[in-house]
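Below are the chains, spelled out letter by letter.
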Amino acid sequence: MILDDVWPESKSTIDKFAFNIPDYKIVVTSRTAFPKFKSTYNLKPLDHEDAMSLFCRSASVNDMSFYVSKEKIEKIVRGCGGLPIALKVIGGSLCRRPAGVWKSTLKRWSDDGHFIFESDKEVLACLKKSLEFSDEKSILKEYFMDLGSFPEDQRIPATALIDMWTEIHEPNQNDDHVTADLHELTTTNLASLVKTRKDVSAVSNYYNEDFVTQHDVLRDLAIHLSSQDPITERERLIVDIRGNKLPEWWMKQEQQPINARLLSISTDELFSSSWYNIQAPKVEALVLNFQTGNYTLPEFLEKMVELKVIIITNYGFFPAELSNFQLLKSLPYLKRIRLEKVSIPSLCNAPVPLRSVKKISLFMCNIGQAFGNSTIQVSDSLPSLKEINIDYCNDLVELPTWLCEFLSLERLSITNCHKLFALPEGIGNLVNLKVLRFRACTELSELPESIKSLHKLCILDISDCLSITKLPKHIGELHHLQELHMKNCLRLRKQLPTSIVDLKQLELVVCDEERAKLWEPIKEIFSGLNVMVAKEDISLDWLQK
């Protein structure tokens, strides 16, 4: 049995895996040695040949249009001390960069002199050099430092980062601009983008099922850089609470207001939601990470009058009960809410007025109560809502009719909700919809004919809807439809409706081989139509959700 990346405080749990089985052995990897183990192997740095190979591959040395001598490259490699993470990150920071960047990097190494790493501090000092971006790319350093707001060894939803970065760093840009920066951050090896679906992201900017991961050392660097200033002056404040033991500065009676724009608070399974007051009037993004079965939002939340984004994530095994949700009504600039693995309160029987919120994302939530029957005009409490994302919410059986009251809605994405079997006919009232997704809603049997009224719709995605047998008869009235995703609609075998020829703006159809045959006659009419056969996407990534 291999136990990977065991933390020092968790070493006692190793004994729980000591089974009396013949020839059974345990291999433990850790950044610290455990004296109780007789056999300890300290990994040595890479030798020079392997270090050169890794660096050159990370920096794409063979693709450079200018010449850098082998001696100069070796100088950088020697400075990395044979540590793979340093070689990969610094190599990535130089990948396809102009000659001037290489020269300045070499000069910094010359100034520092040659050294071999012996501690994490030296690793961090080395990696810090890779964060020296040009002025036009300085925002990437801010993005990198924000990654420390999420727990160690956890996958970060790409859309959570996009929400946060768009609102607090680039409020005048759309999400697509930020996703381009996300890709650039990953090309420098400062983070990794994990795509769980390979058939959509490249063609329609769909990131709802993608995640960002980061090496522990890089996360330490992000937190280290964020902690250089006094607590009250930090741009981002990252707080990790064990049990109910709050930091000393938080417990002081004469606590000074903090000036952070980003506040992250992580608590463990022993936390009892006993909050002390904190003055954080300038916070624009709040990240709450917890593990308990019941979680109460802190009262000081209602004083965060500048808050634009709130991301609430339960890292426990089961959905948690969330209390004090009504505090959000006092936040005049709140625009984006993301809830993960929580049982949210009823938004219908007692709707919370959130007049500025434009995007709500629910991931692995119990939402049956929130989407219950209601006679209250729910849309009045969310007049600015533009986007709803619901993913892996297994108790969602039927969309409520009141959802069709959000006439300002532009994006509706309901994915991996396997019990959803029916859509309200009133969905045709959402006349401003531009994107409509029902990916992997395996029990959904049909789309209402009323969707013919969605004349602004550009993207329709019903991929992996195994029970759908036909497309709507009047689908041709979607005159602005540009993309249609219908991969693995296994029961859709009949001829396409005749109105399909009226989709004059249709540019792309993503489907499987069997569905592609249905489009053969249509391709003869639309010479510019691209029917893309998606490769079989066999993945076990869903097991980690």
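Being a predicted model, the structure only gives us computed values, none of them experimental.

A. Just the overall build of the protein chain, in detail. Broken down by element type, the protein chain carries 13 helices and 21 strands. By the burial criterion, 51% of the 545 residues in the protein chain qualify as buried. Contacts in the protein chain between residues at least 24 apart in sequence constitute 63% of all its contacts with a sequence separation of at least 6. For the protein chain, the exposed area adds up to about 26,600 Å²; of that, 51% sits on carbon and sulfur atoms.

B. Representation of the sheet that holds strand β13 (residues 342-343) in the model. Strand order in this open sheet of 3 strands is β9-β11-β13, and the pairing throughout is parallel. Edge strands, defined here as strands with exactly one partner in the open sheet, are β9 (294-296) and β13.

C. Representation of the sheet that holds strand β3 (residues 156-157) within the structure. Read across the open sheet, the 3 strands follow the order β3-β5-β4; overall the sheet is antiparallel. The open sheet has two edge strands with one neighbour each: β3 and β4 (192-195). Sitting on the sheet, helix α8 (residues 175-187) touches β4 and β5 (210-213), and the angle it makes with β4 is about 115 degrees.

D. Looking closely at a nonpolar patch on the surface. Together, Met1, Phe17, Phe19 and Ile21 give the surface a local cluster of nonpolar side chains, amounting to about 360 Å² of exposed area. Position of Met1 relative to the elements: it lies in the segment before β1 (2-3).

E. Looking closely at the packing of helix α6 (residues 139-146) against α8. Relative to each other, α6 and α8 sit at 80 degrees, their axes nearing to 10 Å. Here α8 runs roughly perpendicular to α6, going by the angle between their axes. In this structure, α6 contributes Ile139, Leu140, Tyr143 and Phe144 to the contact, and α8 contributes Val178, Asp181, Glu184 and Leu185. Grouping the constituent residues of the contact of α6 with α8 by class yields 6 nonpolar, no polar and 2 charged.

F. A look at the side chain of Ser149. Position of Ser149 among the secondary structure elements: in the loop between α6 and β3. We classify Ser149 as buried; its relative accessible area is 1%. A polar contact is formed between the side chain of Ser149 and the backbone oxygen of Asp146, at a distance of 2.9 Å.

Definitions and limits used
Residues numbered from 1 in each chain as written. Predicted model: local features only at pLDDT ≥ 70, side-chain atom pairs only at ≥ 80, totals over all residues. Heavy atoms only, no water. Helix = DSSP H or I, 4+ residues; strand = E, 2+ residues; numbered from the N terminus. Buried < 20%, exposed > 50% of the residue type's maximum accessible area, 1.4 Å probe, protein only. Contact = heavy atoms within 4.5 Å. Areas by Shrake-Rupley, 256 points an atom, 1.4 Å probe, with all protein chains shown as cover. Pairing = 2+ DSSP bridges. Axes fitted to C-alpha atoms, helices over the stretch in contact; angles between N-to-C directions. Patch = residues over 30% accessible without salt bridge, like charges linked within 9 Å, V, L, I, M, F, W, Y side chains within 5 Å. Salt bridge = Lys/Arg side-chain N within 4 Å of Asp/Glu carboxyl O. Parallel < 35°, antiparallel > 145°, perpendicular 65-115°, else oblique. Nonpolar A, V, L, I, M, F, W, Y, C, P; charged D, E, K, R; others polar. Polar contact = N/O pair within 3.5 Å; in protein donor to acceptor, adjacent residues only side chain to side chain.

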